[in-house]
Amino acid sequence: TDPNGRIVELETEERPAASINGNISYGTSVGLVGGINYTDSNFLGRAQEFKASIEVSDEGDQTYEISIFDPWLRGTNRLQAGGSLYWRQSIDDDAYGDDLYKVKRGGIKGTIGQGLNDDIYVRGALRFENVQEYLRDNVRREDYDLVAFTPTITYDTRNNPWNATSGEYAKLQLETGYAGGYKSGSFSNATVNGVSKAGG
């Protein structure tokens, strides 16, 4: 009955969220290395990030890691949360005598954050790691724990976090913690990164 009325039908195609990547490389210190990574940037349908990776070398180096992060927990006001589990082993075949031959690291990390507004987020992460160090013939030299806290502040005005054409992104991160072992003591490091996209 409305001569100006219109029925509009839209067909949309969702951007693929999951990907699997493999890699093979060679280095004189690590030998032949192969790995596979699975990433899903929309794991549960609300931009949750899920990652799983495996990397091994013929020299004995190994890395296994799995993580998940939810940028906005359902029913909350910009509350974020995530966690990860990892296990790593590195081997130095040139080690002899009292040189460090093998290091095993296993850890867990939890993250929680809060959006202050649409552009600024703050996060805090707590990491616990067990480190085992070995000499040749599997003689254990050290077995100690590491605890670290990492606050982060992020500024993000990008129009699209995956393929931005305008906006700015900046992140400041500080990690501080304590490690045991024969060189026990506190440590800290800072990381700053950012990118700017001009509007088009």
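First things first, this report covers the structure right here in the doc. All of these numbers come straight from a predicted model, not from anything done at the bench. (Residues numbered from 1 in each chain as written. Predicted model: local features only at pLDDT ≥ 70, side-chain atom pairs only at ≥ 80, totals over all residues. Heavy atoms only, no water.)

Thoughts on the overall build of the chain
Stated precisely, the cut-off is as follows: A run of DSSP states H or I qualifies as a helix once it reaches four residues; a run of E qualifies as a strand once it reaches two. Both are numbered from the N-terminal end. The quantity called the radius of gyration is restricted to C-alpha atoms. Its globule counterpart is 2.2 Å times the number of residues to the power 0.38. Between buried and exposed lies partly exposed: a residue is buried under 20% and exposed over 50% of the maximum accessible area for its type, with that area taken using a 1.4 Å probe on protein chains only. In this description, contact between two residues means that some pair of their heavy atoms is separated by no more than 4.5 Å. In short, Shrake-Rupley with a 1.4 Å probe defines the accessible areas, and a residue's cover is counted only from the protein chains shown.
Helix and strand counts for the chain come out as zero helices and ten strands. Listed by position from the N terminus, the elements making up the chain come as β-β-β-β-β-β-β-β-β-β. Against the compact-globule benchmark of 16 Å for 200 residues, the chain has a radius of gyration of 22 Å, which places it well outside the compact range. Along the longest, intermediate and shortest principal axes, the C-alpha atoms of the chain span 90 × 35 × 35 Å. Looking at the 200 residues of the chain, the share that counts as buried comes to 26%. Of the contacts made within the chain by residues no fewer than 6 positions apart, 41% connect residues no fewer than 24 positions apart. Entry remark: accessible area of the chain is about 13300 Å², with carbon and sulfur atoms responsible for 53%.

Notes on the pairing of strand 3 (residues 49-57)
Put simply, the test is: At least two DSSP bridges between two strands are required for those strands to pair.
Judged from the eight bridges that link them, strand 2 (residues 31-40) and strand 3 form a sheet pairing that is antiparallel. Within strand 3, the residue paired with Tyr-38 across the bridge is Ala-52. Bridge count between strand 3 and strand 4 (residues 62-70): eight bridges; the pairing is antiparallel. When the sheet's bridge partners are listed, Lys-51 is paired in strand 4 with Ser-67. Between the antiparallel neighbours strand 3 and strand 4 lie four residues, among them Gly-60 with a positive phi of about 110°.

What about a negative patch on the surface?
Applicable threshold: The patches described consist of residues with a relative accessible area above 30% and no salt bridge, like charges being joined within 9 Å and nonpolar side chains (Val, Leu, Ile, Met, Phe, Trp, Tyr) within 5 Å. By convention in these notes, a salt bridge is any Lys or Arg side-chain nitrogen within 4 Å of a carboxyl oxygen on Asp or Glu. Only four residue types enter the charge count: Lys and Arg as positive, Asp and Glu as negative, with His and the chain ends excluded. For this purpose, a charge sits on NZ of Lys, CZ of Arg, CG of Asp or CD of Glu.
A contiguous patch of negative charge on the surface is contributed by Asp-92, Asp-93, Asp-94, Asp-98 and Asp-99. In this structure, Asp-92 sits in the loop between strand 5 (79-91) and strand 6 (102-115).

Comments concerning unusual backbone geometry
If you check the backbone angles, Arg-78 has positive phi at about 65° while not being a glycine. Along the chain, Arg-78 falls in the loop between strand 4 and strand 5. Taking the relative accessible area as the measure of exposure, Arg-78 reaches 17% and is therefore buried. Its identity as a non-glycine residue notwithstanding, Asn-138 has a phi of 55°, on the positive side. Within the secondary structure, Asn-138 is located in the loop between strand 7 (120-134) and strand 8 (140-156).

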